[in-house]
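# Residue-level structural notes
Here are the chains, one letter per residue:
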Amino acid sequence: IEVNYPPKVKLDLTATAGFLTAVTVENYDPGGRISVSSPLWENEISLTLINGKYYGLLPIPLNTAAGAYELLIAGSNSSETLQYKESLTVSAPAAGIAAVSAKNAALLSKKAAADPYYLAIAQTNAGTSQGEKLWHGNFTYPAAIAVTYIYGQKLAYRDFSYQPFCQIYAFTGDAEIFAAASGIVRLAEQTPDLGGTVVIDHGLGVFSVYSELSELSVSAGGYIFARQKLGQCAKTETVPTPAFTYGVIVNGYYVNPRAFFEHDPISFYR
């Protein structure tokens, strides 16, 4: 009789608001189900079985106050019982203050109002994310242009203050936009307010969102490779200074895209 007990939980006990952390559980019945719950999220997050181990990416919302938060990792539908409690310490992100022009403030105000729409298209059009990891290694930058405003940076103009949930690229001229990682295109359409928008499902609840493209080169439903062209972001008569935005959503929450640029979160838990 093969006995895989006790279950082994691997989890970072510190995290930064706006980023994400990963959890893995070994030596647990492959026919079971494991989920993580916490006051950090409205709903529990299920872990995915990959090669005999359970994996999960845990997003820390940007507006999370610094402090300790209880995590409950529970297993069910199994002959084994798993009830694992741990305290996760969350620190506040270091965010710079930038003075922006009235024109940029108006643009960012529009993005602030549109952010729920970004999330809605990922949730309603993407459906359930693939239960397997579709990307390989680190994500790559979606455009060969410099980032103008980073995720979570505090932008201020007079009484207006905003923290964008995306990376914002403002530039002059034209630029090609590429997929940051491989996955399945769940949405590719022109939207009334945000221009060309693409949503890619990378599996395990990870989606990347690309918006304000002037032209699209992909269609929904197809598999796409990292660095494959998604479309073009070009200046027009009505938009002389294009602004392309890129965001990453994990299990329904925006996270800092830099977390995927710097490393593959799951790689630490293999």
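Starting from 1, residues in each chain are numbered consecutively following that chain's sequence as written. Per-residue local features of the predicted model are confined to residues with pLDDT of at least 70, and side-chain atom pairs are confined, for both listing and counting, to 80 or more; whole-chain, interface and lining totals are unaffected and use all residues. By convention in this description, side-chain values take in all heavy atoms of the structure and omit both hydrogens and water.

So, on to the sheet that holds strand β4 (residues 33-37). Strand pairing is assigned whenever DSSP identifies at least 2 bridges connecting the two strands. Helix numbering and strand numbering both begin at the N terminus, where a helix is a DSSP run of H or I of at least 4 residues and a strand a DSSP run of E of at least 2. Taken together, 5 strands build an open sheet; the order of strands is β2-β9-β8-β4-β5 and the sheet is mixed. A single partner strand is all that each edge strand has here, and the edge strands are β2 (14-16) and β5 (45-46). As judged from the 2 bridges shared by β4 and β5, these two strands associate in the antiparallel manner. Bridging from a neighbouring strand, Val-36 pairs with Ile-45 of β5.

Within strand β17 (residues 206-213), 7 of the 8 residues are buried, which leaves it mostly tucked inside the rest of the structure. If you look at the hairpin formed by strand β16 (residues 195-203) and β17, you'll find 2 residues sitting between the two strands, and Leu-204 has a positive phi there, around 60°. Summarising the sheet, β17 and strand β21 (residues 243-250) pair through 6 bridges and their orientation is antiparallel. Paired with Ser-211 across the strands is Thr-245, a residue of β21. Using a 1.4 Å probe on the protein chains alone, a residue whose accessible area is under 20% of its type maximum counts as buried, one over 50% counts as exposed, and one in between counts as partly exposed.

Okay, the pattern of salt bridges next. The rule for a salt bridge is simple: a side-chain nitrogen of Lys or Arg has to be within 4 Å of a carboxyl oxygen of Asp or Glu. What the rule picks out here adds up to 5 salt bridges. Taking the shortest distance from any N to any O, the salt bridge between Arg-33 and Glu-44 comes out at 2.6 Å. With Arg-33 in strand β4 and Glu-44 in the loop between β4 and β5, the pair connects residues that are 11 residues apart, well separated along the chain. Residue classification places Arg-33 among the partly exposed residues on the basis of a relative accessible area of 33%. Here Lys-229 and Glu-176 are joined by a salt bridge, their closest N and O atoms 3.2 Å apart. One end of the pair, Lys-229, is in strand β20 (residues 229-233); the other, Glu-176, is in strand β14 (residues 175-178), and 53 residues separate them in sequence. Under the relative-accessibility criterion, Glu-176 is labelled partly exposed at 37%.

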